[in-house]
Amino acid sequence: MKLTVDRIGVVLDRRRILDDVSFEVAPGERLALLGPSGSGKSTTLRVVAGLQRPTEGRVLLDGRDVTNEPPHRRDVGLVFQDAVLFPHRDVAGNVGFGPRVARVPRDELDRRVDEALDLVGLGAAGGRDVTTLSGGEAQRVALARALAPRPGLLLLDEPLGSLDGPLRLRLQSDLRTLFELLELTVVHVTHDVGEAFALGDRVAIMRQGRVAQVAAPEELWSRPADDWVARFLGMRNVHQDGDRATVTRPEAVRVVSGDAAKVLAADRDGPVVRLRVQLDDGGELEAVATGVDNPRPGDRVAVEVDPAGVVEVPVWRGGEQVSG
Amino acid sequence: MDRDRRALAAGAAIAALPLTYLAVFFGWPLVAILKRSLVVDGTLDLPLDVLTRGSTREIAWFTLWQATASTALTLAAGLPLAWALSRFRFRGRSVVEALVLVPFVLPTVVVGTAFLALLPDRLERSVWAILLAHVFFNVAVVVRVVGAFWSGLDSRLWDAAATLGASPLERHRAVTLPLLAPALASAASIVFLFCFTSFGVIVVLGGVRYATLETEIYNQAARLFDLRTAATLALIQLAAVALTVLVSGRLERRLGGARRTGRPALRPSGRERLAVAAVVGAGLGLLALPPAALVVRSLRVGDGYGLDHFRTLAEETPALLVVPWHAIVNSLLFASWATAIALAVGIPAAVAVVQRRRGLDVLLMLPLGASAVMLGYGYLLAFDDPPLDLRSSPAIVPLVQALVALPFVVRSLVPPLRAADVRLREAAAVLGATRGQIRREIDLPLLARPLAVAAGLAFAVSLGEFGATVFVARADRPTVPVAIFRFLSRPGAENVGAAMALCVVLMGLVAAVALVSERALVRERPR
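Residues numbered from 1 in each chain as written. Chains lettered and ligands numbered in written order. Predicted model: local features only at pLDDT ≥ 70, side-chain atom pairs only at ≥ 80, totals over all residues.

## Focus: the overall build of chain A
Consideration 1: A count of helices and strands for chain A gives nine helices and 17 strands.
Consideration 2: Here the C-alpha coordinates of chain A stretch approximately 75 × 45 × 30 Å along the principal axes.
Consideration 3: When burial is assessed residue by residue, chain A has 40% of its 324 residues classed as buried. (Helix = DSSP H or I, 4+ residues; strand = E, 2+ residues; numbered from the N terminus. Buried ≥ 20, exposed ≤ 12 C-beta atoms within 10 Å, placed from the backbone.)

## Digging into the overall build of chain B
Consideration 1: Secondary structure summary: chain B contains 23 helices and four strands in total.
Consideration 2: The C-alpha radius of gyration of chain B comes to 24 Å, within 12% of the 24 Å expected for a compact globule of 527 residues.
Consideration 3: With respect to the three principal axes, the spread of C-alpha positions in chain B is 65 × 65 × 50 Å.
Consideration 4: In chain B, which comprises 527 residues, the share counted as buried stands at 47%.
Consideration 5: Contacts spanning at least 24 positions in sequence make up 82% of the contacts within chain B whose residues lie at least 6 apart. (Rg over C-alpha atoms; globule rule 2.2 N^0.38 Å. Contact = placed C-beta atoms within 7 Å.)

## What to know about the domain arrangement of chain A
Where interface size is given, it is often the accessible area lost as the parts come together that is meant.
Consideration 1: Here the domain parsing of chain A yields domain 1 (3–222) and domain 2 (239–314).
Consideration 2: Look at where the C-alpha atoms of domain 1 of chain A and domain 2 of chain A centre, and you get two points 38 Å apart. (Domains from an automatic or database assignment.)

## Details of the packing of helix H5 (residues 108–118) of chain B against helix H7 (residues 127–151) of chain B
Residues and elements named next belong to chain B.
Consideration 1: Viewed as axis vectors pointing N to C, H5 and H7 meet at an angle of 130°, and their least axial separation amounts to 10 Å. When the interaxial angle is binned, H5 and H7 end up oblique. In the packing of H5 onto H7, the handedness of the crossing is right-handed. Side by side, H5 and H7 meet where Thr108, Val111, Gly112 and Phe115 of the first sit next to Ala129, Leu132, Ala133, Phe136 and Phe137 of the second.
Consideration 2: Among the residues making up the contact of H5 with H7, the classes are represented as seven nonpolar, two polar and no charged. (Axes fitted to C-alpha atoms, helices over the stretch in contact; angles between N-to-C directions. Parallel < 35°, antiparallel > 145°, perpendicular 65-115°, else oblique. Left-handed = near helix turned anticlockwise from the far one by under 90°. Nonpolar A, V, L, I, M, F, W, Y, C, P; charged D, E, K, R; others polar.)

## What about the interface of chain A and chain B?
Consideration 1: Across the contact, 21 residues belong to chain A and 22 residues belong to chain B.
Consideration 2: For the side of chain A that touches chain B, the elements supplying multiple residues, two or more each, are strand E6 (76–79) and helix H3 (97–101) of chain A.
Consideration 3: Residues of the side of chain A that touches chain B, tallied by class, amount to 13 nonpolar, five polar and three charged.

## Quick look at the sheet that holds strand E7 (residues 153–157) of chain A
Residues and elements named next belong to chain A.
Consideration 1: Pairing within the open sheet is mixed, and its six strands lie in the order E6-E7-E8-E3-E9-E10. In the strand order of this sheet, the two ends are held by E6 and strand E10 (210–215), each with one partner. Across the sheet, the axes of successive neighbouring strands diverge by a mean angle of 20°, strand direction being ignored.
Consideration 2: Sheet topology places strand E3 (residues 30–34) next to strand E8 (residues 186–190); five bridges connect them, and they run parallel. Following the sheet pairing, Arg30 is matched in E8 by Val186.
Consideration 3: Against the sheet, helix H5 (residues 135–147) contacts E6 and E7, and its axis sits at roughly 170° relative to E6. (Pairing = 2+ DSSP bridges.)

## What about the nonpolar core?
Consideration 1: Counting 248 residues, the largest nonpolar core has B:Val142, B:Val146, B:Tyr377, B:Val409, B:Ala458, B:Leu502 and B:Cys503 as its most contacted members.
Consideration 2: When residues of this core are assigned to their parent elements, the largest contribution, 17 residues, is made by H7(B).
Consideration 3: With sequence-adjacent residues up to four places away left out, B:Val146 is seen in contact with B:Gly78, B:Leu79, B:Ala82, B:Leu180, B:Ala183, B:Leu184 and B:Ala187.
Consideration 4: A:Ala261, A:Leu275, A:Val277 and A:Ala287 belong to the second-largest nonpolar core, a separate cluster that totals eight residues. (Core = buried A, V, L, I, M, F, W, Y, C linked by C-beta atoms within 7 Å.)

## Looking at the sheet that holds strand E4 (residues 56–61) of chain A
All names here are of chain A.
Consideration 1: With antiparallel pairing, the four strands of this open sheet are ordered in space as E2-E1-E4-E5. Because the sheet does not close on itself, it has two edges, and the strands there are strand E2 (15–25) and strand E5 (64–65).
Consideration 2: Across two bridges, the pairing between E4 and E5 is antiparallel. Looking at the pairing, Leu60 lines up with Asp65 of E5.
Consideration 3: This element, helix H1 (residues 41–49), spans strand E1 (3–12), E2 and E4 of the sheet and lies at about 115° to E1.

## Some details on unusual backbone geometry
Residue and element names in this part refer to chain A.
Consideration 1: In this model, Ala83 sits at a positive phi of 65°, which is unusual for a non-glycine residue.
Consideration 2: Its location among the elements puts Ala83 in the loop between E6 and helix H2 (91–95).
Consideration 3: Of note in the backbone geometry, Glu158 takes a positive phi value of approximately 45° without being a glycine.
Consideration 4: Mapping Glu158 onto the fold places it in the loop between E7 and helix H6 (165–182).

## Let's talk about the pairing of strand E11 (residues 238–241) of chain A
Residue and element names in this part refer to chain A.
Consideration 1: Looking at chain direction, E11 and strand E12 (residues 244–248) are connected through four bridges and run antiparallel. From the neighbouring strand, His239 faces E12, where its bridge partner is Thr246.
Consideration 2: Hairpin connection between E11 and E12: a loop of two residues separates the two successive antiparallel strands, and Gly242 in this loop has a positive phi of roughly 70°.

## Quick look at H6(A)
All names here are of chain A.
Consideration 1: Over its 18 residues, H6 extends 26 Å from the first C-alpha to the last, a length consistent with the 26 Å expected when each residue adds 1.5 Å.
Consideration 2: Residues of H6 that are buried: Leu171, Leu175 and Phe179. Relative to the axis of H6, the buried residues are bounded by an arc of 75° and lie together on one face. Summarising the geometry of H6, the exposed residues directed more than 90 degrees from the buried face are Pro166, Ser173, Thr177, Glu180 and Leu181.
Consideration 3: Residues of H6 that are buried make contact with E3, H5, E8 and helix H7 (193–199).
Consideration 4: Looking one or two residues past H6, Glu183 carries a phi angle of roughly 50°, positive in sign. (Expected span 1.5 Å × (residues − 1). Arc of directions from axis to C-beta.)

## Concerning the environment of B:Ala230
Residue and element names in this part refer to chain B.
Consideration 1: Secondary-structure assignment places Ala230 in helix H12 (residues 227–255).
Consideration 2: Each C-alpha atom of the pair Ala230 and Leu289 lies 36 Å from the other, and the pair is 59 residues apart in sequence.
Consideration 3: Residues in contact with Ala230, not counting those within four places in the same chain, are Ile217, Gln220, Ala221 and Tyr377.

## Concerning the domain arrangement of chain B
Residue and element names in this part refer to chain B.
Consideration 1: When the domains of chain B are assigned, the result is domain 1 (56–210 + 262–297) and domain 2 (305–527).
Consideration 2: Distance between the C-alpha centres of domain 1 and domain 2: 24 Å.
Consideration 3: Listed per partner, the contact involves 21 residues of domain 1 and 22 residues of domain 2.
Consideration 4: Put simply, the parts of the chain that give the side of domain 1 that touches domain 2 at least two residues each are helix H4 (93–105), H5, helix H10 (200–205) and helix H13 (271–299).
Consideration 5: Here the side of domain 1 that touches domain 2 takes six residues from H5, the largest share from any one element.
Consideration 6: Across the side of domain 1 that touches domain 2, the residue classes break down as 16 nonpolar, four polar and one charged.

## A look at the environment of A:Val120
All names here are of chain A.
Consideration 1: With respect to the helices, strands and loops of the structure, Val120 is situated in the loop between helix H4 (106–119) and H5.
Consideration 2: The exposure class assigned to Val120 is buried, which follows from the 22 C-beta atoms found within 10 Å.
Consideration 3: A sequence separation of 27 residues divides Val120 from Leu147, and the C-alpha atoms of the two residues are 9.8 Å apart.
Consideration 4: Ignoring any residue separated from it by four or fewer positions in sequence, one finds Val120 in contact with Arg140, Leu143 and Ala144.

## Side note on the pairing of E7(A)
Residues and elements named next belong to chain A.
Consideration 1: Burial analysis of E7 places five of its five residues in the buried class, the great majority of the element.
Consideration 2: Across four bridges, E6 lies against E7 in parallel orientation. Bridging from a neighbouring strand, Val76 pairs with Leu153 of E7.
Consideration 3: In terms of strand pairing, E7 meets E8 through four bridges, oriented parallel. Looking at the pairing, Asp157 lines up with Val189 of E8.

Below you can see the structure in the form of structure tokens.
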């Protein structure tokens, strides 16, 4: 199902929450809505689901204007951050809720419940009380519940937000496999850059109720729309000069032996080491080292910058700066 | 080990006063009724003749029927209000919430009289009048009990159901009702109990045609002096009440287990705003009608309006042995004493309940289910001769009123006591506070607000208490509800007018009490 969000705006309690938000999601495409908290991404999702009426703008599904349709007539599935399972029904009762209110015959309903639970790897959990589920299991049941009515569009609101550590990574890769298997059209809200890049074919970055940039992860990383986006993505080599800024990707900075700079810090970040280097002319750069033998703080080094990894962007003047 | 034993002893000491009070002023009167019903000339004699009498069966059937119908109507009327007040936030919501609760603290006699003033003569003494008065009186229970539960439910459950394809109607059927089931069962059983044992409303509105167990107990004991029949009817009523409590307790446990995850209420949007406004407007309008009619009727003199009925309250009347305004003084005095007793017993009782004495909890709620008329009658039987000959003592009135008010006191003190964060006390202790200092600095300030509410409730309940008081109050010391009843039992427009005027005075007193304890509520910042 194709989703078109056309210039929607939302005003709540005389406060503007969304302003002129537009994007498209092609059938089978996965779009991640990425942004800091309060940027309007969850509200955007609620507008698409029909839970929040936009003050202006339209929502189209396969070209049909559904702006005034109530949520139950939209053929859209929604997964909340903390599952929100029906406490008065067991796992199968939760998963079967959608088909049941759609008056699907009993045997077909059972088949759909089993199928959906199998998809999320909980084939044997149908009879369990939802209060006995762990956080990860509850989230899988919520996903199965959203999939059971076979929606044309799946919306995920911080689906991994209440999970942590290895569990989070495992469910993230499971989600990816599932999306590819079912060829689902997905809009996925997150504040985590890694999650957005892993699950989104394209990423829409939101800030202060507006869309800052929509692009594929690779494109975002190599050509951020402005210095704010670059910093939000986690880049530290952003040097402002008037109303322009120079963004240098850390993987374009190579640390070699020499005597033009000093290592300030070397922090391990998983398999890589992030080096902060002070150049003798005063500037600072971050470099990513992947070797097994890396310089230590205080060491004298030299840096080489690959010009292909340097891009000049405008400076965003719209609000508070996000520190890297 | 030693500390445990000391704590246990302290717990037992705290529970001793409430237990003694309940044993003497609740248990003993019940035993007296049992004895009067089952024992004749020193031998056991089952009152089978009373049980099998056709009139008994008829009265029991009507009691059950009207209570069931009243409960169903109250639920139907209360649910929309509970929905509007618990799911949404809008300007003036807290005022509406307070106004909806007002009918519940109004004395039953006043409610009955207000419907006399409101309804056309044709409907005045009909089943409909009784049912409507019960709905008016009990809507607050549904709004309170169901509303509190409803606002604790996560609003995203309905969002989830909506995105899964459930229409608004289906959402209510498949999500709202099952989730609310425990609260509905709880509210329904409370309303059913109140309607089953309702006295003031039925005495005023039922006339001679409609009798329930409660009014018939009064009729048999106070008018026909058939004490054995009265005692037997009281036993039937007690059994029915106990059965209801048992069944509803079991039902609530079976339906329970819903997880409560509060989410802030939303501002209503679009069509919801219309629905909320309609529900709140209609609810307040209907609830305001009976009291308004009462005030209007109390001012109507012949074809015009005036204060004549209020003026007659200072004049002698054949309806009473005293000047009517003495009843007001009596009421205030009795209610003050009753409040003092209810607090003296209720505070240690609440502390004991919080210390996990569940048995005591159930025991303390029993007076709520036991009918007031039965209690009053039991007092007459039990405290008739030494060692406790209270029959002619004025103390008997506040003693029984305190018993009726006790469950309300305990109910308003237990939740805040339970919620008092242990860590606050621990923090104070770590900062060097002694036990006494902790009590003074932490416990008392935190409990000031609930104590004011408990005292206000106890005072209001005692002011309006009718069923028990009408038995035990001496003819030369009537309370206001008793005086209203005496006026209404006599023919003549001037007596009805005096009754209406007294009702307005009583309503004003209760409103003043509610306002004072409400102010105590407001002064403390809500947490």
